[in-house]
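An overview of the molecular structure
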Amino acid sequence: MRIRLSGLLLLATTLPLSALAQDLSGMAGALKVNSTNERTFVAAISYTQPVGNYNAMSLSYINEGHPEDHHRDGMAGQFWLRTKNVDQGLMLGAGVGRYFFFDTAKTDDAPHNFDNDHGWGSILSLQARWQFDNRWYAQAQINRIKPDGKDNTTHFLLGAGYRYDGVPGAKLHLQNWAHDDTLTVSTGHTIVNSFRSETSTPITLEYRRAIGKYVDWTVTGLNEGSTDITRRRGVASQLWLIRSLTEKVEFGMGLGPYLAFDPENNEEHRARMAGLLSAVARYHVNRRWVAQVAWNRVITDYHRDADVILVGVGRKF
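Let me begin by describing the structure that accompanies this report.

Thresholds applied
Residues numbered from 1 in each chain as written. Predicted model: local features only at pLDDT ≥ 70, side-chain atom pairs only at ≥ 80, totals over all residues. Heavy atoms only, no water. Salt bridge = Lys/Arg side-chain N within 4 Å of Asp/Glu carboxyl O. Helix = DSSP H or I, 4+ residues; strand = E, 2+ residues; numbered from the N terminus. Buried < 20%, exposed > 50% of the residue type's maximum accessible area, 1.4 Å probe, protein only. Patch = residues over 30% accessible without salt bridge, like charges linked within 9 Å, V, L, I, M, F, W, Y side chains within 5 Å. Areas by Shrake-Rupley, 256 points an atom, 1.4 Å probe, with all protein chains shown as cover. Pairing = 2+ DSSP bridges. Core = buried A, V, L, I, M, F, W, Y, C linked by side-chain atoms within 4.5 Å. Contact = heavy atoms within 4.5 Å. Polar contact = N/O pair within 3.5 Å; in protein donor to acceptor, adjacent residues only side chain to side chain. Lys, Arg positive; Asp, Glu negative; His and termini not counted. Charge placed at Lys NZ, Arg CZ, Asp CG, Glu CD. Axes fitted to C-alpha atoms, helices over the stretch in contact; angles between N-to-C directions.

**A short note on the pattern of salt bridges**
Applying the stated criterion across every chain, the model contains 14 salt bridges. Between R297 and D73 there is a salt bridge, with its nearest N and O atoms 2.6 Å apart. Highlighted residues: R297 in strand β16 (residues 289-299) and D73 in strand β4 (residues 70-82), separated in sequence by 224 residues. Of the two residues examined, R297 and D73, each falls in the buried class. D216 is the salt-bridge partner of R208, the closest N and O atoms lying 3.1 Å from each other. Using a relative accessible area of 0% as the deciding quantity, one classes R208 as buried. When salt bridges that share partners are traced, they join D73, R297 and D307 into one network.

**Focus on a nonpolar patch on the surface**
Together, L90, L92, W130, F132 and W136 make up an exposed nonpolar region whose accessible area comes to about 510 Å². As for its placement among the helices and strands, L90 is situated in strand β5 (residues 89-106).

**Here's the deal with the pairing of strand β12 (residues 215-223)**
Of the two faces of β12, the one holding D216, T218, T220 and L222 is buried and the one holding V215, W217, V219, G221 and N223 is not buried anywhere. Pairing geometry for strand β11 (residues 203-210) and β12, over eight bridges, is antiparallel. In the strand pairing of β12, R209 is matched with W217. Counting the residues in the hairpin turn of β11 and β12 gives four residues.

**A short note on the nonpolar core**
Counting 12 residues, the largest nonpolar core consists of M27, L31, V33, V42, A44, I62, A76, Y99, F101, I123, I145 and L157. Among the secondary structure elements, those contributing two or more residues to this core are β1 (22-33), β2 (39-51) and β5. Sort the elements by how many residues they give to this core and β1 lands first, with three residues. Apart from residues no more than four positions distant in its own chain, I145 is found in contact with I62, E64, R72, Y99, S122, I123, N152, T153 and H155. Counting residues in hydrophobic clusters, the runner-up holds 11 residues, among them F100, M253, W295 and I299.

**Quick word on the environment of D181**
Residue position: D181 is located in strand β9 (residues 181-192). Taking the C-alpha atoms as reference, D181 lies 9.6 Å from I211; in sequence the two are 30 residues apart. A distance of 2.5 Å separates polar atoms of two side chains, one belonging to D181 and the other to Y207.

**Brief notes about unusual backbone geometry**
Apart from glycine, the bulk of residues carry a negative phi angle, and the bulk of peptide bonds sit in the trans form. The phi angle at N37 is positive, at roughly 65°, despite the residue not being glycine. As for its placement among the helices and strands, N37 is situated in the loop between β1 and β2.

**A closer look at the side chain of Q292**
By the secondary structure assignment, Q292 is in strand β16. Classification of Q292 by relative accessible area gives buried; the value is 6%. A polar side-chain atom of Q292 sits 3.2 Å from a polar atom in the side chain of R282. When residues no more than four places from it in sequence are discounted, the contact partners of Q292 are T184, S186, E206, R208, V280, A281, R282, L310, V311 and G312.

**Side note on a negative patch on the surface**
On the surface, a cluster of negative charge is made up of E68, D69, D108 and D109. On the secondary structure map, D109 appears in the loop between β5 and β6 (114-131).

**Digging into the sheet that holds β1**
Strand order around the closed barrel formed by eight strands is β1-β2-β3-β4-β5-β6-β7-β8, with antiparallel pairing between neighbours. The sheet shows a mean angle of 25° between the axes of neighbouring strands, taken without regard to direction. In this structure, β4 lies alongside β5, joined through 13 bridges in antiparallel fashion. Bridged to R72 within β5 is D103.

**Re the environment of T246**
Mapped onto the elements of the fold, T246 is located in the loop between β13 (233-244) and β14 (249-261). A distance of 3.1 Å separates the side chain of T246 from the backbone nitrogen of V249, its partner in a polar contact.

Structural data, given as C-alpha cells:
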C-alpha cells in the first residue's frame, strides 16, 4: 500500500521540471452516490502543473462528505489533456488517474463500531476553466470515482484558483538568502477518524533538511494528544516534494513511516508502525524564521487513523 501511495507523490517529481507556472485551486459542490442516489457535499484542493501547452499533471485532496455510514476522503494523482494554455479566456480539459481513499465505515463488529478502510480506485474528470487577466480563474469540474470494493460517486464542483509563475532555479531554502536546515515547533488540533471525531491537542518538533533541488527530508517527534481511544506518540521520517510558489512561499507533500507507541485494550504502550502523509505551506518571514501550516494523515492498520492539523514557527540555521 505504501509503495503504491508513494507513486502519487513520485508523479509530482516531473512537475517542477517541465515549466515554471503552476496553480492552486479550491472547489466545493454536491456528491451523488451512484448506487443509492444519496447526496452529500464534496470539497477539493488541487495543485496543478502544466506540461507543455496541452497537458498537465495534478495532485488533489478530495473530501467526499458524509454519506450514510461512511466518511470518505482521499488523494488523487491525475494526467490531463487540455485545450491550449491561454493568458485569458476558456480552457477545457479531461483528466484520468488513481485515487487512494480513506473510508471511515460504520460496522457493528468493531469495538468502537467503525473501521478505517484504505484502498485504490480510478478517477475520471472533465473540467472547464475561465482564466482572468489577473492570474485568478473560475473553474467547474465533474469527477467520477470508482473505488475498489466501494460505492462509485459522482462529484459536481465549482471553485476558483490562482496561477503562480514559480521561482526560477532552486527552491527557497537553497537560495543564498536562506538556509538548508530548520527546527520547527508546532501545535494545533488532532481529530480521530471515527464517527465521534474525538479531538485532542498535539505538539510536534520537526527537523527539516533540504537534500535536493525539490526534495526535503524531515524527522518529526509527534505527540498526538490523548482521547478516549488513543494516546499515540512517536517519531516519523518523511521525504518531501516541495516547490516555491513565490519568493517567500513554498508548498510541499511528504510521505514516510511513523513509529508510534499507542496503548490498546488497556495494555502497556507498544510500538506500532504506521504511515504519515502530509501537506505543508511554508512562509519564509526572513533569513532566519519561517512559519508553516501542515495537514497530516496518520495511516494505521488497526483502525485508528487521525488528522493532525498543525501551525508552527521554525528557526533556520
